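Here is what each chain is made of, one letter per residue.
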Amino acid sequence: MPRRRMVKDAPFLNFVLAVVLVLALGWLLVIGKFILLPLASATILALMIHAATEALSRLPLIGRLPAFALRLGLLAAFALVVLLLYAVVASTVDDIVLRTPAYEENLRDIVSRIAAYFHIESGEAWQAIREATIDEIDLRQLALSVLGALTSTGVAVLITMVFTIFLLSERQSLAEKLAVAMRDRSNAERSFEALASVRERVSRYLLVKTCINVLIAVISYVIMRSFELDFALFWALMIGLFNYIPYVGSIVAVAFPVLLSVVQFGELGTTLLLAAVMTVAQILVGNIIEPQVIGRQLNQSPIVVVCALAVWGAIWGIPGAILAVPMTASLAIVLHAFPATRPVSILLAERIDDPRATGLIVRP
């Protein structure tokens, strides 16, 4: 009798153990952010470098170079891009500090005109609200805090580069180690297939997504330069970076330059026109061009993507939100490789490509 009872309670115990395991992993991800975030970033970067190396190897002249030389060149190019980004951000913060007085004056003028329009500029309640809100805004201090945050970001990028170098050097021996570590030949083969699928699908997605983000960054730069918006290059880089975040990234990316246009121009018409043009560009690239190029390579349910953004964003902030999609896709691919965890991967998917392979009975 006790044995039968234990068998009946097994699903509930497994569920409790799974919840405890998830909570423990979440706690480890939070306290180990300084190491785990660069390691996850390095893994994603290594996948992108591998995919780019395969693409370059098919070119007529560059393809004759050794693979390690191509990887080293791509890693150096990434480091150069990071240094240029850091230089642009540092220079932009310095310029913002210099132009802060003019921005604050324009902001106060806008607020005064709004108050005058509604005939409330002379009320005591309005003066109290203004002193507690507008007068407390210190753009100079905000810019300096952003510059201070760059120091910790630079350290994280340096650690990521070191991890990437070691991951690329260990790539060949990883398969041999995995084969030796797993005694079961079938599990080893499933692991090889899962790693190959992660490398192929996730790296291809990231590579194409990067090209699309560069395109939207260039388009946004041209638009902002035509409006003579300050710091157009900086905002274009931020737009390209934030577009790695699905759904909300493009909205946030457009919001910042639009808000700057308010304090720079002090005219609602110019701000609305800029917002409209940049929104149209985002819709054109994000909803028309991107689906045609990327399609549904990662097969992730929209609600899963939103939950992944919330979870990884809560754990690791903006970097976690950027890495949420590739990390969740990699997890789903690995879970799908083993029969015991395949139901979880099916729940994470947007569609079932082959119902017979999953053992499901799909009724018409």
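Starting from 1, residues in each chain are numbered consecutively following that chain's sequence as written. With pLDDT at 70 or above as the cut-off, local features in this predicted model cover only qualifying residues; side-chain atom pairs require 80 or more to be listed or tallied, and sums for whole chains, interfaces and linings still use all residues. Neither water nor hydrogens contribute to the side-chain values; these are computed over all heavy atoms in the structure.

Colleague: What's the story with the overall build of the chain in this structure? I'm lost.
Modeller: Under the DSSP-based scheme used, a helix requires at least four consecutive residues in state H or I and a strand at least two consecutive residues in state E, with every element numbered from the N terminus. Along its length, the chain carries 13 helices and 0 strands. Tracing the chain from N to C terminus, the helices and strands come up as α-α-α-α-α-α-α-α-α-α-α-α-α. When the 364 residues of the chain are sorted by exposure, 35% land in the buried category. Across the chain, contacts joining residues at least 24 apart in sequence account for 70% of those joining residues at least 6 apart. All accessible-area figures derive from a Shrake-Rupley calculation using a 1.4 Å probe, and residue coverage is judged against the displayed protein chains alone. Of the accessible surface of the chain, which amounts to about 22,500 Å², a share of 70% is contributed by carbon and sulfur atoms. Accessible area is worked out with a 1.4 Å probe on protein chains only. A residue is then buried under 20% of its type maximum, exposed over 50%, and partly exposed in between. Contacts are assigned to residue pairs that have any heavy atoms within 4.5 Å of one another.

Colleague: I'm lost on the environment of Ser 226 in this one. Help?
Modeller: Mapped onto the elements, Ser 226 comes out in helix H7 (residues 185-226). Ser 226 gets classed as exposed once you look at its relative accessible area, which sits at 55%. We call two N or O atoms a polar contact when they sit within 3.5 Å, provided that within protein one can donate a hydrogen and the other can accept it, with sequence-adjacent residues counted only if both atoms are side-chain atoms. Side-chain polar atoms of Ser 226 contact the backbone oxygen of Ile 223, separated by 2.5 Å.

Colleague: Whenever I open this one, the confidence of the model for the chain confuses me. Can you help?
Modeller: Any residue range with low pLDDT should be treated as having predicted coordinates unsuitable for detailed reading. Mean pLDDT over the chain stands at 77; residues scoring 70 or higher make up 74%. When pLDDT is averaged over each element of the chain, helix H8 (residues 232-242) comes out on top at 89 and helix H13 (residues 355-358) at the bottom at 44. Here residues 355-364 scores under 50 on pLDDT; set against residues more than four positions off or in separate chains, the count is 8 contacts. One confidence number per residue, pLDDT, is output by the predictor and ranges from 0 to 100.

Colleague: For this particular structure, what's the right way to read the side chain of Thr 92?
Modeller: By secondary structure assignment, the location of Thr 92 is in helix H3 (residues 67-117). The class of Thr 92 is buried, set by a relative accessible area of 6%. Within the structure, the side chain of Thr 92 is placed 2.7 Å from the backbone oxygen of Val 88, a separation counted as a polar contact. Among all residues touching Thr 92, those that are not within four sequence positions of it are Phe 231 and Phe 234.

Colleague: Explain the nonpolar core here, please?
Modeller: General note: in soluble globular proteins, nonpolar side chains tend to be found buried as a group. For the purposes of this section, nonpolar cores are sets of buried Ala, Val, Leu, Ile, Met, Phe, Trp, Tyr and Cys residues that join through side-chain atoms within 4.5 Å. Ranked by size, the top nonpolar core spans 56 residues in total, and within it Met 224 and Trp 316 carry the most contacts. For this core, the secondary structure elements donating two or more residues are helix H2 (33-56), H3, H7, H8, helix H9 (248-265), helix H10 (268-294) and helix H11 (302-336). For this core, the leading source of residues is H11, giving 14 residues. In contact with Trp 316, other than residues within four places in its own chain, are Leu 29, Lys 33, Leu 36, Leu 37, Ala 40 and Met 327.

Colleague: I keep staring at empty space enclosed by the protein and nothing clicks. Help me out?
Modeller: Any space left empty among the atoms is revealed by the rolling of a water-sized probe across them. Every definition here rests on a 1 Å grid over the protein atoms only: cavities are sets of points where a 1.4 Å probe fits but cannot get out, pockets are open sets enclosed by protein on both sides within 12 Å along at least five of seven lines, and lining residues have some atom within 4 Å of a point. Grid points are joined across faces, edges and corners, and a volume is the space filled by probe spheres set on the points. Overall, the coordinates contain 2 cavities of 30 Å³ or more when judged by the stated rule. Looking at the second largest cavity, its volume works out to about 30 Å³. Residue lining of the second largest cavity: Lys 209, Ile 212, Asn 213, Ile 216, Asn 243, Gln 282, Val 285, Gly 286 and Glu 290, and that is the complete set. Of all the secondary-structure elements, those providing two or more residues to the lining of the second largest cavity are H7 and H10.

Colleague: How should I be thinking about the packing of aromatic side chains in this particular structure?
Modeller: Working definition: an aromatic ring pair is given by the centre-to-centre distance plus the angle between the planes. Between 30 and 60 degrees the pair is tilted, below 30 it is stacked and above 60 it is edge-to-face, where a pair is any two Phe, Tyr or Trp rings, Trp via its six-membered ring, whose centres lie within 6.5 Å. Inspection of the entire model under this criterion finds 3 aromatic pairs. Taken together, a centroid distance of 4.9 Å and an interplanar angle of 65 degrees make the contact between Phe 234 and Trp 235 edge-to-face. Neither residue differs from the other here; Phe 234 and Trp 235 are each classed as buried. You can call Trp 235 buried: its relative accessible area is 12%. Following the ring pairs from residue to residue traces out a cluster consisting of Phe 234, Trp 235 and Phe 256.

Colleague: It is not clear to me how a nonpolar patch on the surface should be interpreted in this structure. Could you clarify?
Modeller: Each patch is built from residues lacking any salt bridge and having more than 30% relative accessible area; the joining distance is 9 Å for like charges and 5 Å for nonpolar side chains (Val, Leu, Ile, Met, Phe, Trp, Tyr). For this analysis, a salt bridge means a side-chain nitrogen from Lys or Arg found within 4 Å of a carboxyl oxygen belonging to Asp or Glu. Together, Leu 21, Leu 25, Trp 27, Leu 28, Val 30 and Ile 31 give the surface a local cluster of nonpolar side chains, amounting to about 620 Å² of exposed area. Locating Trp 27 in the fold gives a position in helix H1 (residues 2-31).

Colleague: Where do I start with unusual backbone geometry in this structure?
Modeller: Glycine aside, residues mostly have negative phi, and peptide bonds are mostly found in the trans state. Even without a glycine there, the phi angle at Phe 231 is positive, about 60 degrees. Relative to the helices and strands, Phe 231 resides in the loop between H7 and H8. Within the chain, Tyr 247 stands out as a residue other than glycine whose phi angle is a positive 70 degrees. Mapped onto the elements of the fold, Tyr 247 is located in the loop between H8 and H9. Judged by its relative accessible area of 49%, Tyr 247 is partly exposed.

Colleague: Could you clarify how one ought to interpret the packing of H8 against H9 in this entry?
Modeller: Helix-helix packing is characterised by the crossing angle of the two axes and by the distance between the axes. To obtain an axis, a line is fitted to C-alpha atoms, over the contacting stretch when the element is a helix, and the angle between two such axes runs from 0 to 180 degrees between their N-to-C directions. In contact at an axis separation of 8 Å, H8 and H9 are set at 165 degrees when each is read in the N-to-C sense. The orientation of H8 relative to H9 falls into the category roughly antiparallel. Here H8 and H9 pass one another in a crossing that is right-handed. Contacts between H8 and H9 involve Trp 235, Met 238, Ile 239 and Phe 242 from the former and Gly 249, Ser 250, Val 252, Ala 253, Phe 256, Pro 257 and Leu 260 from the latter. Residues are grouped as follows: nonpolar covers Ala, Val, Leu, Ile, Met, Phe, Trp, Tyr, Cys and Pro; charged covers Asp, Glu, Lys and Arg; every other residue, Gly included, is treated as polar. Its residues assigned to classes, the contact of H8 with H9 shows 9 nonpolar, 2 polar and no charged. Every angle not falling under 35 degrees, over 145, or within 65 to 115 is termed oblique; those three ranges are roughly parallel, roughly antiparallel and roughly perpendicular. The sense of a crossing depends on the near helix, which, turned anticlockwise from the far helix by less than a right angle, makes the crossing left-handed and, turned clockwise, makes it right-handed.

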